[in-house]
Amino acid sequence: MEYQGLPRSEAGPRERVLVRIERCVGCRNCELACAVAHSQSRTLAAAIREEPRPQRRIYVEAVAESRAPFLCRHCDDAPCARACPTRALFQDSESGLVAFEAARCIGCHGCLMACPFGMIQAGRGSPFIVKCDRCPDRDQPACVAACPTGALLLEGAYLSMRRRDAIARLTRAARQGRAELPPVEASP
Amino acid sequence: MLTSDDIRNRTITEDGQRMLEKAEHDQVRTVWDRYQAQLPQCGFCELGLSCRNCAMGPCRIDPFGEGPQVGVCGADADIIVARNLGRMIAAGAASHSDHGRDLVEVLRQVAEGKAPGYQIREEGKLRALAAEFGISGDGRGKEAVALDLAEALEEEFGTRKKELTLVRRAPEQRRALWTKLGIMPRGIDRETSEMMHRTHMGVDNNWQSLLLHGLRNALSDGWGGSLIATEVSDILFGVPRPVHSKVNLGVLKTDQVNILLHGHNPIVSEMIAQAATDDDLVALAKAKGAAGINLAGICCTGNELLMRRGIPMAGNHLTTELALVTGAVEMMFVDYQCIMPALGQVAACYHTRMISTSDKAGFPRMEHHEFHPDNARELARKLVTEAIENYPRRVPGKVKIPVEPVDMMAGFSVEAIVAALGGTVQPLIDAIVAGKIRGAVGVVGCNNPKIRQDYGHVNLTRKLIAHDILVVDTGCAAVANARAGFKVAEAAALAGPGLREVCGALGIPPVLHMGSCVDNVRITMLAAALANALKMDISDLPLAAAAPEWYSEKAISIGCYAVASGIYTVLGPMPPVLGSKNVTQLLTEGLEKVVGATFAVEPDPDLAADLIIAHINRKRAGLGLS
């Protein structure tokens, strides 16, 4: 059985991939890295010659004067999983991700219509659909590892970075705008 | 923090490993650190599928077929890859050829008496080259001949000719082929200029004709710009003859004023070499507490000095920063090409003064002192004086010379090889026919941090000579092979029985140092001489070339002129062409039917050697040799 989710032995929820939109330069290397990670050969030079050609699961879009990569959100209450008549797509309780079992898929493309983000695509041949599996055999998903600017981050790193950025900003503003105040670290 | 494994994986050289440890201790960042920081590198660029040629772009082609398959202008993968490769060739050919032009300018100023310190050292070669251009030397002084020759050489760069003069050295069949294919080089600058034109948006959008012009552009380098650079360097500074010297960072001396000469063009470094032997400057060095003035070369400027003067060689491309990490260098002079802009930053960690010398090459954190033929002699003396005065500023605690130097021989110009053979190439042909030497391979090119330093050069060369294949080398490859100890007569023991016998009889190493990277033309001239003696084409002979660790655009141009001249060429790193199946196939297969030679790509030197050995066996069979 082709199982595209996580190895069952791996316990615990897996961190999702988040995007710092302002960092994306639109280089699309995440797309290439994703396709390579989902190829037979796992090398760029050989992957581009494979048939069927490997597909990406992440999409760099340019909208509203901005550009950003987007990928499956692995929703907690996933419309795609609810729409799937065969439970090929399902909520994996161990990983917390939306997993896919190709053997159960009948290729109805109901999930394609159900996903509000357009993150599920028709597969080239079998499997019938492709979506992000969050690179089950890697700690860092291929897209995150390939991002040269740190636009793609795992959830923990993303939140910590956002918090630290915000606190640094507030601290600087407090020091510069209200110079009479003692440094924040020393305030009562 | 680098582990000892990390360090070993960066370079096979012992001096390099010791200096990487010191760099880590001194907190100096090197090319390998910067390479790591660049990872992952852009996949589109790696495949040649990104185009920045116009402002409708930049554009990329999706190699997996889901995204766009054409750029804004409509160029597909084949066109974009071919255009990008064409521009790489143009940049490489321009670099060699502009280097050649600089030497022609010195030749002219010597002839006009405006270049004190420079002279015509090889009148015989001057007159022989002049004769090739139809310049009569009868009853005329060498200056008058040199002036006419300089004029004629300048014309080679222009656009008024149907073909370059020196292509006449190529076998007749080869020249006829070039004419038939429409790739006969016409003017050195013309072909580069035309390439830039063809690759502008909306000009040549036929990938085959783009690549054919690429070959013509490369031929304008190999049978034009580079060839002129080598010939005129020989006239001005001497034809190399076999010479003994030493190599690796051990050539730097703890008790002497160390001056390093880095870059490609001998114009400046020859003047420094003269100044460093001036009695008053040597006396000054001793007054400052040094035992003397020690010059060492690095990269191809180093090769030029090594070949003609036996000046020791500190290292190749990836050694340039590590040489400064010794903390023992008072001054480094740079001219141009392959000089990492990071060097000034490295030097700032030590007392080393960095001097840039060319009007066309500037670098951050270096002092700029422009050398011209009229001021070179005096400026060289002034700066050597300052280097000596810098010696007391050396910090002894920061100095480490990592290893003892390795002995080597260099100086194998075509003239020197023919002389060693007794005046003709016939003994070499006899040895090839008898199978004592099964063939000859030019191992050339750079270092590249993608490949463990020297691993490709040394392992390929070792396997080739063990299979009775004579290796001739240039550039960074030549330094690698010398550092590995292949360039002493005793290294013949590493060769197969046939090659060992020939080397033993002539007292030469199995790996012959033929010079700098413009001196790759010495290799093609030797190949042409063999072909002409046999009345055959170069592509008929059991020859090959390899660039196991190439990185530069110049190497692409060299590879293309080698293949266009009929020499099978194996590259280590993959050039950015894989994005186009058509271009890749033409380069690796299709060109066989066009020019009688192809490229191959094989980063593993062991497998690359197998490819070359099989090729040589095929060529021998074609000649009816066992």
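Here the structure is shown first, and the text comes after it.
So what's going on with the overall build of chain B? Which residues, and what values?
Across its full length, chain B holds 25 helices and 16 strands. Here the C-alpha radius of gyration of chain B, 24 Å, is about what a compact globule of 626 residues would show, namely 25 Å. Principal axes of the C-alpha set define a box for chain B whose edges measure 65 × 65 × 50 Å. Put simply, chain B has 626 residues, and 64% of those count as buried. Long-range pairs, those at least 24 residues apart, make up 75% of the contacts in chain B between residues at least 6 apart in sequence. On chain B, roughly 21,700 Å² of surface is accessible, and the fraction owed to carbon and sulfur atoms is 52%. Charge centroids of chain B, computed over 64 positive and 72 negative side chains, lie 1 Å from each other.

Account for empty space enclosed by the protein, naming residues and giving values.
Empty space among the atoms becomes apparent when a probe as large as a water molecule is rolled across them. Residue and element names in this part refer to chain B. Counted by the stated rule, this structure contains 10 cavities of 30 Å³ or more. G442, V444, N520, I523 and I558 are, among the 40 residues lining the largest cavity, the residues nearest its centre. Looking at the lining of the largest cavity, the elements that each hand over two or more residues are α13 (299–309), α18 (426–434), β11 (439–443), β12 (469–473), α22 (520–534), β14 (543–547), α23 (553–564) and β15 (568–571). Counting the residues that make up the lining of the largest cavity, at least three belong to each of domain 3 (243–398) and domain 4 (411–622).

Quick rundown of the nonpolar core? Include the residues and the values.
Core analysis: the largest hydrophobic core is formed by 176 residues, its most contacted members being I272, L464 and I612 of chain B. Residues A296, I298, L318 and Y336 of chain B belong to the second largest nonpolar core, which totals 34 residues.

Outline a nonpolar patch on the surface, supporting the account with residue identities and numerical values.
Nonpolar side chains collect at one region of the surface, where M56, V72 and M201 of chain B lie side by side and expose about 260 Å² of accessible area between them. Here M56 of chain B shows up in the loop between β1 (50–51) and β2 (59–60).

Describe the interface of chain B and chain A, naming the residues involved and giving the relevant values.
Between chain B and chain A, the residue contacts involve 20 residues of the former and 19 residues of the latter. Between chain B and chain A, roughly 1,700 Å² of surface is buried when both sides are summed, and carbon and sulfur atoms account for 56% of that area. Taken together, chain B and chain A are joined by one salt bridge. Salt-bridge contacts for E66 of chain B lead to R56 of chain A; the nearest nitrogen and oxygen are separated by 3.4 Å. Here chain B is connected to chain A by seven residue pairs in polar contact (both at pLDDT 80 or more). At the level of secondary structure, the elements contributing two or more residues to the side of chain B that touches chain A comprise α4 (43–46) and α24 (581–595) of chain B. Of all the elements, α4 of chain B adds the most residues to the side of chain B that touches chain A, at three residues.

Account for the state of the cysteines, naming residues and giving values.
Here is the idea: a disulfide is a covalent bond, and it sits between the sulfur atoms of two cysteines. Taken as a whole, this structure holds zero disulfides over all chains when the rule is applied. Cysteine C75 of chain A remains unbridged, with the sulfur of C72 of chain A as its closest cysteine sulfur at 6.4 Å. C42 of chain B carries a free sulfur, and the closest cysteine sulfur to it, the one in C45 of chain B, is 3.4 Å from it. C42 of chain B sits in the partly exposed class, given a relative accessible area of 22%.

Describe the packing of aromatic side chains, naming the residues involved and giving the relevant values.
Under the definition given, this model contains four aromatic pairs over all chains. Arranged with centres 5.6 Å apart and planes meeting at 65°, the rings of W178 of chain B and W223 of chain B form a pair that is edge-to-face. Separated by 45 residues along the polypeptide, W178 of chain B in helix α8 (residues 172–181) and W223 of chain B in helix α10 (residues 207–237) bring together distant segments of the chain. When sorted by exposure, W178 of chain B lands in the same class as W223 of chain B, which is buried. Of note, R73 of chain A hangs over the ring of F70 of chain A, and the distance from its end group to the ring centre comes to 5.4 Å. Lying across the ring of F90 of chain A, R104 of chain A places its NZ or CZ 5.7 Å from the centre.

Outline the sheet that holds β11 of chain B, listing residues and values.
Residues and elements named next belong to chain B. With parallel pairing, six strands are arranged side by side in an open sheet as β13-β12-β11-β14-β15-β16. Of all the strands in the sheet, just β13 (511–513) and β16 (599–601) have a single pairing partner and so form its edges. Looking at each pair of strands side by side, their axes are set apart by 25° on average, direction ignored. Pairing between β15 and β16: three bridges, direction parallel. When the sheet's bridge partners are listed, V570 is paired in β16 with A600. Seen against the sheet, helix α25 (residues 605–622) touches β11, β12, β14, β15 and β16 and runs at an angle of roughly 175° to β15.

Calculation rules
- Residues numbered from 1 in each chain as written.
- Chains lettered and ligands numbered in written order.
- Predicted model: local features only at pLDDT ≥ 70, side-chain atom pairs only at ≥ 80, totals over all residues.
- Heavy atoms only, no water.
- Helix = DSSP H or I, 4+ residues; strand = E, 2+ residues; numbered from the N terminus.
- Rg over C-alpha atoms; globule rule 2.2 N^0.38 Å.
- Buried < 20%, exposed > 50% of the residue type's maximum accessible area, 1.4 Å probe, protein only.
- Contact = heavy atoms within 4.5 Å.
- Areas by Shrake-Rupley, 256 points an atom, 1.4 Å probe, with all protein chains shown as cover.
- Lys, Arg positive; Asp, Glu negative; His and termini not counted.
- Charge placed at Lys NZ, Arg CZ, Asp CG, Glu CD.
- 1 Å grid on protein atoms, 1.4 Å probe; cavity = no way out; pocket = protein on both sides within 12 Å on 5 of 7 lines; lining within 4 Å.
- Points joined across faces, edges and corners; volume = space filled by probe spheres on them.
- Domains from an automatic or database assignment.
- Core = buried A, V, L, I, M, F, W, Y, C linked by side-chain atoms within 4.5 Å.
- Patch = residues over 30% accessible without salt bridge, like charges linked within 9 Å, V, L, I, M, F, W, Y side chains within 5 Å.
- Salt bridge = Lys/Arg side-chain N within 4 Å of Asp/Glu carboxyl O.
- Buried area = accessible area lost by both parts, 1.4 Å probe.
- Polar contact = N/O pair within 3.5 Å; in protein donor to acceptor, adjacent residues only side chain to side chain.
- Disulfide = S-S within 2.5 Å.
- Phe/Tyr/Trp six-rings, centres within 6.5 Å; stacked < 30°, edge-to-face > 60°.
- Lys NZ or Arg CZ within 6 Å of the ring centre and 35° of its normal.
- Pairing = 2+ DSSP bridges.
- Axes fitted to C-alpha atoms, helices over the stretch in contact; angles between N-to-C directions.

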